[in-house]
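Structural features, examined
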Amino acid sequence: MTKSENNILLFSITLCWAASYIFIKNLPENLSSYAYLALTTGIAAVVMVLIFFKKLRHLRKSTWIKGTFLSVLLSMNLLAEKLGIVRLSSANASFLSALSIILVPVLLLFFHKRPTRNHVAGAIIIMAGLAVSSGLDLSGFYSTGSLYMLGGCICSAVYTIAVDRFAKEEDPLLLCMVQMILSCAVGYMLWFLEDPGTVLNIEYSRQMLSNLFILAFFTKAYAYIILMYSQKYTDAISVTIIASTEPVITLLLAFLLPAAYGGNHSLTVPSAAGAALIAAGAVIAGLSFFPALPNALPRLRKRRRPRTNFTSTMPNVTVISKHKQFMITLCAMLLLGISFKVMVLVEGLTEIRPVNAIPPVAGLLFGPVGAAACGIGNVLADLAGTFSPYSVLGLVGNFMAAYFPYRLWHLFSEEKPNVHSWKNIALYCWINAVTSMLVAWILSFGLYMLGGTWMENIYTYVFWNELGFSYGLGMPLLILLTSDEIGIACCPKPKRKAWIPKRGRQVLCVAYFAVMAIITTAITANHVQPDQNNWFMYLSTASALLLAGLFI
């Protein structure tokens, strides 16, 4: 795994944690923090055990001990922050919770690990950005809430340092599973002390269960598995710095999301200035243009540890049969597709869809088999509430969302699908931009031709759903599945001889991208409607002909 891949994984974790407030907002107000901890970690533990149950045979005593230590730290952090937040303003609580960016380098000094000057400068700028964006009130710090928040921040810093060591000594997946199981046990015990009725005293609803599953899957199972794997290849300070960019992502989500899901906020000068400072601090901390700091502490005896490189000389290859490829993709489409049916954007037609991260990855890894599973899985997920004759458009759209990246990758690259280099990252991003336009065109123009009504917001929502989640979650998922630890074997490239030479098809693809970019700009920026502009229909016809040429 390269350093750039590792940073992308860490940013995806920050994205999950920043977006979690949307789903926490939809939980019942009387649901306690202990119930939230027990239910989300419990669901995450069940999901991981069901998927990776064969791994359990390799559990060791040391894994249980280290997992117990991590789960205790997590629980103490939650308890301290819960007690601190109710006693402080949200601005001061947010500022104090981010102090781990200072505490982690300080604590690492005791292990004879000095931060670089870039780390120090970046941390100072990030803290200044947090103070500006949160509207810090110095008079509000003199309370017991500050002590609780500091205690939680110390637990968080110790947790980060401990994971940095443990992830390099144990199997990250097993460590994460043990942590989830024990965190669920701790959360349930605290919940029982608070309310002996526990699960029996909760009024369950479809919306609540969907939000709990989403939070468990993304903020617990996915985020902590990625965190454990990432910290095999990086250091605790880098993890803390990337995590400190969460306010920037939160600000962007608050600006981009619809008002129904906590978005549609206007950008204020302090919030924008604070976000700019945080981003600048993160960039400075990630570079190395300052000279190293002198050693200010006496030399401590340290235990020799093996050096961890960003590449592996013994990559693992996991071969999955075609029927398992189909079933894995189908189940993933069903679980995520049904869970997000409560996040409606257009009633009966579309919703917020993190499930759109699956088709490009399934197509690149599994080829036509993965594409078929994505199309069928979308139709079956529609049976949970949005099934209609228009579901056939969803079948075609999700099939193409997987199959098109598979064809385009092998058209422009001789490598197996991966994002190990910046060239491949750029290719992945470009392919998914083209695919997002294609899927939005299929669904919006399909509805227009079948229903006779043009819905501009369908094109916009589908395009940004496809593009955003293929980047934010799809790319990290591809990195994880093609990493040395998992290394899923990719589907072979198409062998059928094309009538049009490869260079000609590449030219057609670039022309198709240009035409679709004009269409997308016209719809999203200029609000052009096809029934009012003949040239727009001509462009759409041209894009269809170019697309047909790519598949001859």
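Residues numbered from 1 in each chain as written. Predicted model: local features only at pLDDT ≥ 70, side-chain atom pairs only at ≥ 80, totals over all residues. Heavy atoms only, no water.

The next subject is the overall build of the chain. Tallying secondary structure elements over the chain gives 20 helices and two strands in all. Taken across its 552 residues, the chain has 51% of its residues classed as buried. Nonlocal contacts in the chain, meaning residues at least 24 apart in sequence, comprise 85% of its contacts between residues at least 6 apart. Accessible surface, the chain as shown: approximately 25800 Å² in total, 68% of it carbon and sulfur. (Helix = DSSP H or I, 4+ residues; strand = E, 2+ residues; numbered from the N terminus. Buried < 20%, exposed > 50% of the residue type's maximum accessible area, 1.4 Å probe, protein only. Contact = heavy atoms within 4.5 Å. Areas by Shrake-Rupley, 256 points an atom, 1.4 Å probe, with all protein chains shown as cover.)

A few words now on empty space enclosed by the protein. Here the structure, examined in full by the defined rule, presents three cavities of 30 Å³ or more. Its boundaries defined by the atoms lining it, the largest cavity holds a volume of some 340 Å³. Residue lining of the largest cavity: 24 residues in total, with Leu349, Thr350, Asn378, Gly394 and Leu443 positioned closest to the centre. Residue assignment for the lining of the largest cavity shows that the elements contributing at least two residues are strand 2 (350–351), helix 15 (368–382), helix 16 (391–412), helix 17 (422–451) and helix 18 (456–481). Tallying contributions element by element places helix 16 first for the lining of the largest cavity, with five residues. (1 Å grid on protein atoms, 1.4 Å probe; cavity = no way out; pocket = protein on both sides within 12 Å on 5 of 7 lines; lining within 4 Å. Points joined across faces, edges and corners; volume = space filled by probe spheres on them.)

This brings us to a nonpolar patch on the surface. Together, Tyr188, Phe192, Leu193, Val199, Leu200, Tyr204 and Leu209 give the surface a local cluster of nonpolar side chains, amounting to about 740 Å² of exposed area. Counting residues per element, the nonpolar patch draws most heavily on helix 8 (residues 172–194), at three residues. Tracing the backbone through its elements, the reader meets Phe192 in helix 8. Since its relative accessible area comes to 42%, Phe192 is described here as partly exposed. (Patch = residues over 30% accessible without salt bridge, like charges linked within 9 Å, V, L, I, M, F, W, Y side chains within 5 Å. Salt bridge = Lys/Arg side-chain N within 4 Å of Asp/Glu carboxyl O.)

The subject of this paragraph is the environment of Phe445. Along the chain, Phe445 falls in helix 17. Sequence separation between Phe445 and Met455 is 10 residues, and the spatial gap between their C-alpha atoms is 8.9 Å. The residues contacting Phe445, other than those within four sequence positions of it, are Ala440, Trp454, Ile523, Pro530, Phe536, Met537 and Ser540.

Across its 23 residues, helix 19 (residues 502–524) extends 32 Å between first and last C-alpha, which sits within 8% of the 33 Å expected from 1.5 Å per residue. Where helix 19 is buried, its residues touch helix 16, helix 17, helix 18 and helix 20 (534–550). (Expected span 1.5 Å × (residues − 1).)

Another point: the pattern of salt bridges. The full count for this structure, using the stated rule, is six salt bridges. One salt bridge connects Asp164 with Lys168, and the closest N-O pair in it is separated by 2.9 Å. The exposure class of Asp164 is buried, given its relative accessible area of 5%. Put simply, Lys423 and Glu415 hold a salt bridge, and the shortest N to O gap is 3.8 Å. Residue classification places Lys423 among the exposed positions, given a relative accessible area of 58%.

With that settled, the discussion passes to the layout of surface pockets. Taken as a whole, the second largest pocket holds about 1700 Å³ of empty space. Along its surface, the second largest pocket is lined by 44 residues, and Ile51, Phe52, Ile328, Leu481 and Ile488 are the ones closest to its centre. For the lining of the second largest pocket, the elements supplying multiple residues, two or more each, are helix 2 (33–51), helix 8, helix 9 (206–230), helix 13 (322–339), helix 14 (358–366) and helix 18. Here the lining of the second largest pocket gets eight residues from one element, more than from any other, and that element is helix 13. Residues belonging to the lining of the second largest pocket are distributed by class as follows: 35 nonpolar, three polar and six charged. (Nonpolar A, V, L, I, M, F, W, Y, C, P; charged D, E, K, R; others polar.)

We now examine the packing of helix 8 against helix 9. Orientation of helix 8 relative to helix 9, taken along the N-to-C sense of each, is 140°, at an axis distance of 9 Å. Judged on the interaxial angle alone, helix 9 and helix 8 are oblique. Crossing angle aside, the handedness with which helix 8 passes helix 9 is right-handed. Of the residues in helix 9, those touching helix 8 at Pro172, Leu173, Leu175, Cys176, Gln179 and Met180 are Lys220, Tyr224, Ile225, Met228 and Tyr229. (Axes fitted to C-alpha atoms, helices over the stretch in contact; angles between N-to-C directions. Parallel < 35°, antiparallel > 145°, perpendicular 65-115°, else oblique. Left-handed = near helix turned anticlockwise from the far one by under 90°.)

Note that Ser230 resides in helix 9. Judged by relative accessible area, Ser230 falls into the buried class, the value being 0%. Other than its neighbours up to four places away in sequence, Ser230 contacts Asn6, Leu9 and Leu10.

With that settled, the discussion passes to the nonpolar core. Membership of the largest hydrophobic core comes to 122 residues, with the highest contact counts inside it found for Leu70, Tyr159, Phe404, Tyr459, Tyr512 and Ile519. Discounting residues that sit within four places of it in the chain, Tyr459 has contacts with Met437, Ala440, Trp441, Ser444, Met516, Ile519, Thr520, Ile523 and Thr524. Core analysis: the second largest hydrophobic core is formed by 19 residues, Leu99, Ile101, Leu130 and Ile241 among them. (Core = buried A, V, L, I, M, F, W, Y, C linked by side-chain atoms within 4.5 Å.)

Here the focus is helix 16. Taking 1.5 Å as the rise per residue, helix 16 with 22 residues should run 32 Å; its terminal C-alpha atoms sit 32 Å apart, in good agreement. Considering bend angle alone, the principal kink of helix 16 is centred on Met400 and spans about 25°. (Bend = angle between axes of the 7 residues up to and from the residue.)

Our focus in this paragraph is the packing of helix 2 against helix 9. Helix-helix packing: each pair is described by the crossing angle between the helix axes and the interaxial distance. The interhelical angle for the contact between helix 2 and helix 9, taken along N-to-C directions, is 65°, at an axis separation of 8 Å. Between helix 2 and helix 9, the crossing angle belongs to the class labelled roughly perpendicular. The way helix 2 lies across helix 9 gives a crossing that is right-handed. Contacts between helix 2 and helix 9 involve Tyr36, Leu39, Thr40, Thr41, Ile43, Ala44, Val47 and Met48 on the former and, on the latter, Leu212, Phe213, Leu215, Ala216, Thr219, Lys220, Ala221 and Ile225.

Shape descriptors only; they carry no functional weight alone.
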